[in-house]
Amino acid sequence: MKRTHNNGELRSSDINKTVTLKGWVAKKRDLGGLVFIDLRDKEGITQLAFNPDSPLYKKTLEIKNEYVLEVTGNVIERSSKNKKIPTGEIEVEVKELEILNTAALTPMIIADETDALEETRLKYRYLDLRRPVMQNNFVVRHKTAQAVREYLNNDNFLEFETPILTKSTPEGARDYLVPSRINGGEFYALPQSPQIFKQLLMISGFEKYYQIAKCFRDEDLRADRQPEFTQIDIETSFMDQEEILNISEGMIKHVMKSVKGIELKEDFPRITYAYAMDKYGVDKPDTRFEMLLTNITDIASQSSFGVFTSNIENGGIVKAINVKNAASDFSRKKIDKLTDFVKKYRAKGLPFLKFVNNEFAGSILKFFTPELLVSLKEALNVEENDLILFGSDKTEVVNQSLGQLRNHIAKTLELYSNDDYDFVWVVDWPMFEFREEQQRYYSLHHPFTRVKDEDLELLNEAPEKALAYCYDLVVQGQELGGGSVRIHKTDLQNKVFDILGISKEEQQEKFGFLLDALKYGTPPHAGIAFGLDRLVMLLVHTENIRDVVAFPKTNSAQCVMTSAPSKVADEQLEELSIKTLI
RNA sequence: GGUCCAGUGGUGUAGCGGUUAACAUGUCGGUCUGUCACACCGAAGAUCGCGGGUUCAAUCCCCGUCUGGACCGCCA
């Protein structure tokens, strides 16, 4: 028999209808003859009722949780209604009952409020995914992808597929390698992103490309990082930064509207990378709350606090954040905890001052003259019961530690809501950073990013000062996407490779095909990529990427359900001309 | 590569240098005609992750190891 309805749709208007339902037994309640079964499917739960005099009563005795049933019966009004669920007005008085399948005792409760540990959930992922919350996550994921396609299709973008078996390139993340059987001793790499292919498609003249692309990076995992993840990948010809930002903003707004019903009317604000680093300490600022970093190096240099003065003499800086009206919330013990927190980010300590009873208090107070305290009060806009936390170190350490501390404190004090979508563009990124340890330049974005026209000369003099046509979309302190205008001329691309210290030979070996292609009338082009997983995380309010990936990997990059990765037969290795060291 | 947290009936937790290893839930049996976290009565269910050490005695303390999680480094 076919289903006539799903388990989420029957209402009192359906009373007296004869219906056929299918689904899983979410819960059985036997009151001693009178039996209720909550039948669950993708759409919801409908209560089935069996009277004690029903000929089916006997059959209900063998039914257990997660059995799969097909029932036919009449929709009747409940004598006691349940306002908690949409179908709570009615129930189905069952006339025919077929057990489509039995179910073993499940290792976890199939309900939103499961008490199972993540390890158990991952091992029995197919059961975990039966839970309505998880089902909803993947409905949202689907809707998001569809909204993206809808928006881009309407704007004449073409959806492409690019190779999964591709070429290993230097720079960037570690590659996942795939051995070639036919070409023994040689390897494909899985793409970290379809970057070069989408640029080549622009050279081919397709003008507007997009792909919902799987990407692979062999790096350590985090709560928001999986070795394989999905990007909404976009590239266009003849567009400048402004046009890319507009298209992207339109797309995100379309997603918010069609998935969440939220209309974002305002333009997304834009801040520069330099401003983000200065005021938030991080390149992905959470702009839902203030508590900005304030540079007080000048004031600190006049104090007699050796930690500050010697640091400043060594070229370091001093910044502070003002935690408004929180002095009384932070005991010595709690501040010690904050100190431990910043130590993770290589800060050596966390000096503080409290402003209570209209005066400063704290162990470092004695190093400040009354005049300096006035300056401090002004610079940090200090009011009654404020807590001032200081960072004193090299610029990078101060920014990172105070920036992370800012987020951490805001979280503990609940200074924000997850329903506050504070999209912000971070623009004007530097082309390169110079890493002392390796003594060489690294691309901040990637080696195909175009330098700002006005900074072209800086590439010769001081590459680290050159800014790029480069942009990130940030929301709630998370990087949601990023992109750049690309280099479309061979000489500039050569120059950037040179600055990165890639030899001419390696340029030719690794990127020869791109350098070649650039010669044949490459149009100016620009693009962007968004993390689909992170976008869905944002929409379903989870901090765990595994909640939005159907079959994710654990921290150690394993799948506890399938036990991948695993050993293979020696013959397989031999065929691939491979020997393992272990 | 490193730091921290966790691992105890099916599931989730408590516990303590000597316990009959506790609680909740689930499971099984029984009672029950309006439940919806049904209720009530009863029962079964544990190699306390694994290996070693300290001790008269270790689930508990120590070392190692494995697994999961959070983080630093890493992630153009």
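Every residue gets a number counted from 1 within its own chain, in the order that chain's sequence is written. Think of it this way: whatever chain is written first is A, whatever ligand is written first is 1, and the rest follow in order. Where local features are concerned, this predicted model is filtered to residues with pLDDT of at least 70; where side-chain atom pairs are given and counted, the filter is 80 or more; whole-chain, interface and lining totals use all residues. In computing side-chain values, all of the structure's heavy atoms are included and hydrogens and water are not.

Attention now moves to the overall build of chain A. A tally of helices and strands in chain A yields 17 helices and 22 strands. Referenced to the eigenvectors of the C-alpha coordinate spread, the extents of chain A come out at roughly 90 × 75 × 55 Å. When burial is assessed residue by residue, chain A has 49% of its 582 residues classed as buried. Across chain A, contacts joining residues at least 24 apart in sequence account for 67% of those joining residues at least 6 apart. Every accessible area reported is derived by Shrake-Rupley at a probe size of 1.4 Å, with residue values counting cover from the shown protein chains alone. Here chain A has roughly 29,400 Å² of accessible surface; of this, 50% comes from carbon and sulfur atoms. Here chain A carries 75 positive and 90 negative side-chain charges, and the mean point of each set is 5 Å from the other. A run of DSSP states H or I qualifies as a helix once it reaches four residues; a run of E qualifies as a strand once it reaches two. Both are numbered from the N-terminal end. The cut-offs for exposure are 20% and 50% of the maximum accessible area for each residue type, with area from a 1.4 Å probe on protein chains only; residues under the lower value are buried, those over the upper are exposed, and the others partly exposed. Any pair of residues with heavy atoms lying within 4.5 Å of one another is described as a contacting pair. Neither His nor the chain termini are counted; the positive set is Lys and Arg, and the negative set is Asp and Glu. Lysine's charge is taken at NZ, arginine's at CZ, aspartate's at CG and glutamate's at CD.

Moving on, we come to the pattern of salt bridges. The term salt bridge refers to a side-chain nitrogen of Lys or Arg lying within 4 Å of a carboxyl oxygen of Asp or Glu. This model, assessed by the stated rule, comprises 41 salt bridges. The closest approach of N and O atoms between Glu433 and Arg435, which form a salt bridge, is 3.3 Å. Under the relative-accessibility criterion, Glu433 is labelled partly exposed at 32%. Take Arg435: its relative accessible area is 30%, and that puts it in the partly exposed class. Close ionic contact of Asp498 with Lys504 constitutes a salt bridge, the shortest N to O distance being 3.2 Å. Overall, the relative accessible area of 39% leaves Asp498 in the partly exposed class. Linked through salt bridges whose partners overlap, the residues forming this network are Arg121, Arg125, Asp128, Arg131 and Asp547.

What follows deals with the nonpolar core. Counting 45 residues, the largest nonpolar core has Ile234, Met251, Ile252, Phe423 and Tyr471 as the members making the most contacts within it. Ranked by residues supplied to this core, first place goes to helix H6 (residues 241-260) with 8 residues. If sequence neighbours within four positions are ignored, Phe423 has contacts with Ile252, Met256, Leu264, Phe268, Pro269, Leu473, Val474, Val475, Leu480 and Leu538. The next biggest cluster of nonpolar side chains, apart from the first, holds 33 residues, and it includes Val424, Phe448, Leu459 and Ile502. We call a set of buried Ala, Val, Leu, Ile, Met, Phe, Trp, Tyr and Cys residues a nonpolar core when their side-chain atoms join them within 4.5 Å.

Let us look at the packing of helix H14 (residues 490-499) against helix H15 (residues 504-518). A pair of packed helices is characterised by two quantities: the angle between their axes and the separation of those axes. Think of each axis as a best-fit line through the C-alpha atoms, taken over the contacting stretch in the case of a helix, with angles from 0 to 180 degrees between the N-to-C directions. Two elements in contact, H14 and H15, have axes separated by 11 Å at closest approach and are oriented at 155°. Considered as vectors, H14 and H15 are oriented roughly antiparallel to each other. Judged by the twist between their axes, the crossing of H14 over H15 is right-handed. Here H14 contributes Thr490, Gln493, Asn494, Phe497 and Asp498 to the contact with H15, which in turn contributes Lys504, Gln507, Phe511, Leu514, Leu515 and Leu518. Polarity classes work like this: nonpolar for Ala, Val, Leu, Ile, Met, Phe, Trp, Tyr, Cys and Pro, charged for Asp, Glu, Lys and Arg, and polar for all others, with Gly in that last group. Classifying every residue of the contact of H14 with H15 by side-chain character gives 5 nonpolar, 4 polar and 2 charged. In these notes the angle categories are as follows: under 35 degrees is roughly parallel, over 145 is roughly antiparallel, 65 to 115 is roughly perpendicular, and the rest is oblique. By convention the crossing between two helices is left-handed if the near helix lies anticlockwise of the far one by an angle smaller than a right angle, and right-handed if it lies clockwise.

The next subject is the side chain of Asp455. Position of Asp455 relative to the elements: it lies in the loop between strand S19 (440-443) and helix H13 (458-461). Not counting chain neighbours up to four residues away, the residues in contact with Asp455 comprise Lys465, Ala466 and Leu467.

Right, let's get into unusual backbone geometry. Cis geometry marks the peptide bond from Ala564 to Pro565; its omega dihedral reads -5°. For Ser563, which is not glycine, the phi torsion reads 65° and is therefore positive.

Per the annotation, domain bounds derive from an automatic or database assignment of domains. Domain annotation for chain A reports domain 1 (12-101), domain 2 (135-271 + 423-547) and domain 3 (289-412). Each of domain 1 and domain 3 has a C-alpha centre, and the two are 62 Å apart.

Within the secondary structure, Arg125 sits in helix H3 (residues 125-128). Polar contact is the term for a pair of N or O atoms within 3.5 Å; when the atoms are in protein, one must be able to donate a hydrogen and the other to accept it, and sequence-neighboring residues count only if both atoms are side-chain atoms. There is a polar contact of 2.5 Å between the side chain of Arg125 and the backbone oxygen of Arg546. When sequence neighbours within four positions are dropped, the list of residues in contact with Arg125 reads Met134, Arg546, Val549, Ala550, Phe551, Pro552 and Met561.

Moving on to H14. Of all the positions in H14, only Leu492, Gln493, Val496, Phe497 and Ile499 are classed as buried. Buried residues along H14 cover an arc of 160° about the axis, so they all sit on one side. The secondary structure elements touched by the buried residues of H14 are strand S18 (432-435), S19, H13 and H15. Each C-beta atom gives one direction from the helix axis, and the arc is the one those directions make.

Turning our attention to the sheet that holds strand S9 (residues 208-216). Through backbone hydrogen bonds, the strands of a sheet pair up, either in parallel or in antiparallel fashion. Only when DSSP finds a minimum of two bridges between them are two strands counted as paired. In spatial order, the strands read S6-S9-S10-S22-S21-S20-S17-S11; together these 8 strands make up an open sheet with mixed pairing. Sheet topology places strand S6 (158-159) and strand S11 (270-272) at the edges, where each strand pairs with a single neighbour. Pairing of S11 with strand S17 (residues 424-427) involves 3 bridges; the strand directions are parallel. Looking at the pairing, Ile271 lines up with Val426 of S17. Relative to S9, helix H4 (residues 132-154) is tilted by about 150°, and along the sheet it contacts S6, S9 and strand S10 (228-237). Where H6 meets the sheet, its contacts fall on S10, S11, S17, strand S20 (470-475), strand S21 (478-485) and strand S22 (525-531), and the angle it forms with S22 comes to roughly 30°.

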